[in-house]
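# What the coordinates show
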Amino acid sequence: MSESLDKLHNRILSDAKLKADETIREAQAKADQIIAEARQRAQKEADELLAKAKLEAEAVRRSILSSGSGGGEEEHSQFKG
């Protein structure tokens, strides 16, 4: 009788281990999915920020070019003392 209980006990432990392994695999898959989605969002935000910065830099460059060289001289003259 004790042998049957041991077999039953081992079977229960084996089933519990299989279930735990399955739960871990599912959790890992979900975590991987969350990480991938977060990376995509971060990349999209970074791309948007970079595009905005490039537009702003271009606007500043155009502003400097359109102001001509005279504006630059005046700005530098204030530091000459």
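Residues numbered from 1 in each chain as written. Predicted model: local features only at pLDDT ≥ 70, side-chain atom pairs only at ≥ 80, totals over all residues. Heavy atoms only, no water.

### Things to note about the overall build of the protein
To be explicit about the condition: Strands are runs of DSSP state E lasting at least 2 residues, helices are runs of H or I lasting at least 4, and numbering of each runs from the N terminus. In these tables, accessible area is a Shrake-Rupley quantity obtained with a 1.4 Å probe, and a residue counts as shielded only by the protein chains included in the view.
Each helix and strand counted, the protein has one helix and zero strands in total. When the accessible surface of the protein is totalled, it reaches about 7,600 Å², and 58% of it is carbon and sulfur.

### Description of the pattern of salt bridges
Note on pairing: side chains with opposite charge can pair once their charged atoms come close. What counts is decided by this rule: A pairing counts as a salt bridge when a side-chain nitrogen of Lys or Arg comes within 4 Å of a carboxyl oxygen of Asp or Glu. Working definition: with a 1.4 Å probe on protein chains only, accessible area under 20% of the residue-type maximum means buried, over 50% means exposed, and in between means partly exposed.
One pass over the full model with this rule turns up five salt bridges. Of the charged contacts in the structure, one is a salt bridge between Lys 17 and Asp 21, with a shortest N-O distance of 3.0 Å. Pair noted here: Lys 17 and Asp 21 are both in helix 1 (residues 2–80), with a separation of four residues, about one helical turn. Looking at Lys 17, the relative accessible area reads 52%, which means it is exposed. Residue Glu 58 is joined to Arg 61 by a salt bridge in which the shortest nitrogen-to-oxygen separation is 2.6 Å.

### A few points about a nonpolar patch on the surface
Note the threshold: Patch definition: residues above 30% relative accessible area lacking any salt bridge, with like charges linked at up to 9 Å and the nonpolar side chains Val, Leu, Ile, Met, Phe, Trp and Tyr linked at up to 5 Å.
Residues Leu 5, Leu 8 and Ile 12 make up a contiguous nonpolar surface patch of about 300 Å² in total accessible area. Among the secondary structure elements, Leu 5 is positioned in helix 1.

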